[in-house]
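# Analysis of the macromolecular model
Here are the chains, one letter per residue:
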Amino acid sequence: MATPLLDVRDLHTHFIARNLDNEIRTARALNGVSFSLDGGKILGLVGETGAGKSLTALSVMGLLRPPARVVAGQVLFEGRDLIAMPPEEVNRLRGARMAMVVQSPKSSLDPLSRIGEQLVRVQRAHDPALGQAEATARAVAMLEAVGIPDPQRRARAWPHELSGGMAQRVLIALALVNQPRLLIADEPTTGLDVTVQAQILDLFRELVLANGIGAIIITHDLGVVAHYCDDVAVMFAGTIIEHGPVAAVFGQPAHPYTRALIASTPERLVIGRTRTTGAPPPNLYALPTGCLYRDRCPHAAPDCAEPPPGRAMGAGHIAHCHFAGRLAEHAA
Amino acid sequence: MSVGRFLVRRLLLVLPLLLGVLFFTFMLVRLSGQDPTAKIAGPTATAAEIELVRAQLGLDQPLFTQFLIYLGRVVQADLGRSWVSQQPVLQDVLERVPVTLELLLWGVGIGALVGIPVGLRAAFRPDGAFDQISRFVSLLGFSTPTYWLGLVMLLVFFYLLDLAPPGMGRLSLMLSPPPRITGSYLIDGVIAGDLEAAHSAFAQLVLPVLCIAIISAAPIIKQTRAITLEVLASDYIRYARAQGLEPAMIRRMALRNAATPVVTFLGTELTGLVGTTALIEYVFAWGGLGQWGLNAIITGDFAAVQGYVLALALFSVIVFLLVDLAVLLLEPRAGTRA
Ligand SMILES: Nc1ncnc2c1ncn2[C@@H]1O[C@H](COP(=O)(O)OP(=O)(O)OP(=O)(O)O)[C@@H](O)[C@H]1O
Ligand code: SF4
Ligand SMILES: [Mg+2]
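Just so it is clear, the structure is predicted and the values come from calculations on it, not from any experiment. (Residues numbered from 1 in each chain as written. Chains lettered and ligands numbered in written order. Predicted model: local features only at pLDDT ≥ 70, side-chain atom pairs only at ≥ 80, totals over all residues. Heavy atoms only, no water.)

In terms of helices and strands, chain B carries 13 helices and zero strands. Its C-alpha atoms give chain B principal-axis dimensions of roughly 85 × 55 × 40 Å. Within chain B, the proportion of its 338 residues that are buried is 45%. Considering only contacts in chain B between residues 6 or more positions apart, those separated by 24 or more positions represent 71%. Entry remark: accessible area of chain B is about 17,500 Å², with carbon and sulfur atoms responsible for 69%. (Helix = DSSP H or I, 4+ residues; strand = E, 2+ residues; numbered from the N terminus. Buried < 20%, exposed > 50% of the residue type's maximum accessible area, 1.4 Å probe, protein only. Contact = heavy atoms within 4.5 Å. Areas by Shrake-Rupley, 256 points an atom, 1.4 Å probe, with all protein chains shown as cover.)

Encoded structure:
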């Protein structure tokens, strides 16, 4: 099998800080995240708030700030380990070979630069030989490609003049202008109204597929995953507890948490900002051994004190639960 | 928006503000309970004589009528007469404005020249050694009483070390001032080629300017640091990192975005320090507007107090106007704001 575009292996990210008594305290926020992604595919990353979705994105992109630190694992991007790479080298890939779209588009644009300038800036930062005129032309073409009307004029607009939806299109343009191979979108449509959300996601999917980009969409909206993603990975307490093709995972969820998630969001399948089952998430400073979902799981048994292995449920569908596949269908 | 239109709009806003300031100072002064008539008329005056003085001053009229008369005069640039110096208040004010400005501008200027780079450097490495030291120093600056600082400066640099002249005004008593052009002995001395006077004026300036620089640097460091930290934590700086922009470019972006709030803060600081400057003027017998204004308040010199407050209000208005103009220049996008 060819090397996947992105292969994340057993990634552990901790927040390591000293408390007031000067004792070192470690919050184990990511506890062995593994997944892989091929070009031309869209992976949906879901899970309740605090599960570690954004942190996974930041760890992959090399954007962690102290006290967060990757303490173990690999992020193989086109076969090369980003974790072991010098930071300057990762910086050269970032914004060029791999790009990101974030949640608050309006505040993520430099308030003091016209959007055209920002598009030129990111191109020339990664290709100093590129001429101003050429970069400007590409910027305008890119604005057109993300569906911004009158791109020539819009290139001269300031960020504060844009609506949220327009700003998100600009962010997508910024992310795509250097023709990346990998695109991570962290809740790209949160805060936009529903019709605009759909437009942005349609555009996103279209551009990703047209360019053979591998993309990750982080979202709280299972409906988005169902509509726009090929694969889905469900996160809980810094681990991916179930992943596989969307149809398989949503059709036959094998992990009790995935089932609870789906059961709790029947209408538009939106995972609320609140906890799905009301129970608190595990304390990252003192994680239990064995299955991290144990305290909330209705099926917990003595075996669950051991870390659950990944059980294959079908083509590419894996659930990390001792009893995956052996739980009665109605027992969610 | 053009600069011209901006100025016109701003002036239209300022007029009612100034009117309010005039009204409130007028009323405050009248209601302060001080009555200068007895003092003016002298200790031997009879009740009838006091009444006569009162009528001469117009103080027998109803308050609001008095205000209207006062307003009518102010509009014609007549701020009344100080009953202490017997001089027109306008003249007193105009003489002293450059004297105070000299102190304030040098002091805050140096405070900013030191404080802004220190605050920036501290913010770029928060909690580093430099940050810790600068925070400590700025705390010292905050907790030092102005008056005390002035006295300690004199004690150390004049009395103990004999490095500075005594705090007795703006020029050595042995010299006569250079011909007045700007009102600053230092600058006028240089213009007139009277280097002896310029040198003496400089020596007299050093300690009080240092005091104001120290007092103003503390908040400037603190604010610059806070503003820069906020910018560095902003979404757009984080997103700039996500775009793989070089650190130098991101730093430039941060500086540009921090400039406006820092300049705005400098404006606030400049107007806020006028009061502090008055205390420094006292310690160094500087004889500027601040010292004069404090005296006017103490002696109940109505016209002078009103003139003083009006001058302060005008100063604030001008400073904020300059700040807004600077922001207009710093921020190209400001022109497109509604
Ligand atoms: N400075 C810190 N120290 C300790 N733990 C932290 C710190 N910052 C964040 N965390 C933890 O890291 C975890 C991962 O957060 P992350 O932002 O990745 O969640 P998320 O899945 O993206 O949630 P959301 O859906 O709300 O965006 C959270 O549980 C949070 O409590
Ligand atoms: S391993 Fe045990 S506790 Fe964990 S999800 Fe499966 S049944 Fe529940
Ligand atoms: Mg998040």
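Back to the write-up after that little detour.
Looking now at the site of ligand 2. In the vicinity of ligand 2, the residues found are A:His255, A:Pro256, A:Cys291, A:Tyr293, A:Arg294, A:Cys297, A:His299, A:Ala300, A:Cys304, A:Cys321, A:His322 and A:Phe323. Classifying every residue of the shell around ligand 2 by side-chain character gives eight nonpolar, three polar and one charged. (Near = heavy atom within 4 Å. Nonpolar A, V, L, I, M, F, W, Y, C, P; charged D, E, K, R; others polar.)

If you look at the interface, chain A gives 28 residues, while chain B gives 19 residues. Summing both partners gives a buried area of about 2,100 Å² for chain A against chain B, and 56% of it is carried by carbon and sulfur. In this assembly, chain A and chain B are joined by zero salt bridges. Viewed at the interface, chain B and chain A are joined by ten residue pairs in polar contact (both at pLDDT 80 or more). Every element with two or more residues in the side of chain A that touches chain B is listed here: β6 (98-101), α3 (105-108), α4 (115-126) and α7 (164-176) of chain A. Tallying contributions element by element places α4(A) first for the side of chain A that touches chain B, with five residues. Considered class by class, the residues forming the side of chain A that touches chain B number 14 nonpolar, nine polar and five charged. (Buried area = accessible area lost by both parts, 1.4 Å probe. Salt bridge = Lys/Arg side-chain N within 4 Å of Asp/Glu carboxyl O. Polar contact = N/O pair within 3.5 Å; in protein donor to acceptor, adjacent residues only side chain to side chain.)

Here the focus is the domain arrangement of chain A. All names here are of chain A. Looking at the assigned domains, one finds that chain A contains domain 1 (6-97 + 180-329) and domain 2 (98-179). Listed as interface residues are 34 residues of domain 1 and, on the opposing side, 19 residues of domain 2. Summed over both sides, the interface of domain 1 with domain 2 buries roughly 2,200 Å², with 68% coming from carbon and sulfur. Among the residues of domain 1 in contact with domain 2, Gly 95, Pro 180 and Leu 203 are the three that bury the most area, contributing 22% of the side total. Between domain 1 and domain 2 we count zero salt bridges in total. Where domain 1 touches domain 2, the interface holds 13 residue pairs in polar contact (both at pLDDT 80 or more). If one sorts the elements of the side of domain 1 that touches domain 2 by residue count, helix α8 (residues 194-210) sits on top with six residues. Residue composition of the side of domain 1 that touches domain 2, by class: 23 nonpolar, four polar and seven charged. (Domains from an automatic or database assignment.)

This next bit is on the site of ligand 1. Residues and elements named next belong to chain A. Near ligand 1 you find 16 residues, and of these Thr 49, Lys 53, Ser 54, Leu 55 and His 220 are the closest. In the environment of ligand 1, an oxygen atom lies 2.8 Å from a nitrogen or oxygen atom belonging to the side chain of Lys 53. Between ligand 1 and Ser 54, the relevant distance is 2.7 Å, taken from an oxygen atom to a side-chain nitrogen or oxygen of the residue. Against a free-state accessible area of 640 Å², the protein chains account for coverage of 67% of ligand 1. Of all the elements in the fold, those that place two or more residues in the shell around ligand 1 are β2 (24-37) and α1 (53-61). The greatest single-element share of the shell around ligand 1, amounting to three residues, is contributed by α1. Looking at side-chain class alone, the shell around ligand 1 contains seven nonpolar, five polar and four charged residues.

This part covers the pairing of strand β9 (residues 231-236) of chain A. All names here are of chain A. The element β9 is largely enclosed, with a buried count of five among its six residues. Bridge count between strand β3 (residues 42-46) and β9: four bridges; the pairing is parallel. Its bridge partner being in β9, Leu 43 is matched across the sheet by Asp 231. Connecting β9 to the antiparallel partner strand β10 (residues 239-245) that follows it, the hairpin turn spans two residues, and Ala 237 within it adopts a positive phi of roughly 50°. (Pairing = 2+ DSSP bridges.)

Okay, the layout of surface pockets next. Size it by volume and the largest pocket reaches roughly 1,200 Å³. What lines the largest pocket is a set of 36 residues, and nearest its centre among them are A:Gly62, A:Leu64, A:Arg65, A:Pro66 and B:Arg241. Going through the elements one at a time, α1, β4 (68-77) and α2 (87-93) of chain A together with α5 (89-124), α9 (195-232), α10 (235-242) and α11 (247-283) of chain B are the ones with two or more residues in the lining of the largest pocket. Residues belonging to the lining of the largest pocket are distributed by class as follows: 23 nonpolar, three polar and ten charged. Size it by volume and the second largest pocket reaches roughly 730 Å³. Residue assignment for the lining of the second largest pocket shows that the elements contributing at least two residues are α1 (3-31), α4 (63-75), α5, α11 and α13 (302-330) of chain B. (1 Å grid on protein atoms, 1.4 Å probe; cavity = no way out; pocket = protein on both sides within 12 Å on 5 of 7 lines; lining within 4 Å. Points joined across faces, edges and corners; volume = space filled by probe spheres on them.)

Quick look at the nonpolar core now. Residue and element names in this part refer to chain A. With 109 residues, the main nonpolar core has Leu 6, Ile 172, Leu 182, Leu 183, Ile 184 and Ile 216 as its most contacted residues. Looking at this core element by element, the count peaks at nine residues for α7. Taken domain by domain, this core gets at least three of its residues from each of domain 1 (6-97 + 180-329) and domain 2 (98-179). For Ile 184, the residues in contact, after removing those within four places along its chain, are Ala 57, Val 60, Met 61, Ala 99, Met 100, Val 101, Ile 216 and Ile 218. (Core = buried A, V, L, I, M, F, W, Y, C linked by side-chain atoms within 4.5 Å.)

With that out of the way, let us pick up the side chain of B:Thr25. For B:Thr25, the position within the fold is in helix α1. Excluding residues that lie within four positions of it along the chain, B:Thr25 makes contacts with B:Gln306 and B:Val309.

All right, on to the environment of A:Ala84 then. Residue and element names in this part refer to chain A. Inspection of the secondary structure puts Ala 84 in the loop between β5 (80-81) and α2. Exposure remark for Ala 84: the relative accessible area of 64% places this residue in the exposed category. A C-alpha to C-alpha distance of 9.7 Å links Ala 84 and Gly 73, two positions eleven residues apart in sequence.

It is worth spelling out empty space enclosed by the protein at this point. Summed over the entire model, instances satisfying the criterion amount to five cavities of 30 Å³ or more. Roughly 80 Å³ of internal volume is contained in the largest cavity. Its residues placed into classes, the lining of the largest cavity shows eight nonpolar, three polar and one charged. Taken as a whole, the second largest cavity spans an internal volume of roughly 50 Å³. In terms of lining residues, the second largest cavity is bounded by A:Ser108, A:Leu109, A:Asp110, A:Gln118, A:Arg121, A:Leu174, B:Tyr236, B:Tyr239, B:Ala240, B:Gln243, B:Leu245 and B:Met253. Broken down by secondary-structure element, the contributors of at least two residues to the lining of the second largest cavity are α4 of chain A together with α10 of chain B. Broken down by class, the residue content of the lining of the second largest cavity amounts to seven nonpolar, three polar and two charged.

Turning our eyes to something else, we now look at the sheet that holds β3(A). All names here are of chain A. Taken in spatial order, the eight strands make up an open sheet running β6-β7-β8-β3-β9-β10-β12-β11, and their pairing is mixed. One side of each edge strand has no neighbouring strand; the edge strands of this open sheet are β6 and β11 (310-314). Taking each pair of neighbouring strands and ignoring which way they run, the sheet shows an average axis angle of 20°. Sheet topology note: the β6/strand β7 (residues 182-186) ladder contains four bridges and is parallel. If you follow Met 98 over to β7, its bridge partner there is Leu 182. Each of β3, β7 and β8 (214-218) is contacted by α8, which is oriented at about 160° to β8, the strand it contacts most. (Axes fitted to C-alpha atoms, helices over the stretch in contact; angles between N-to-C directions.)

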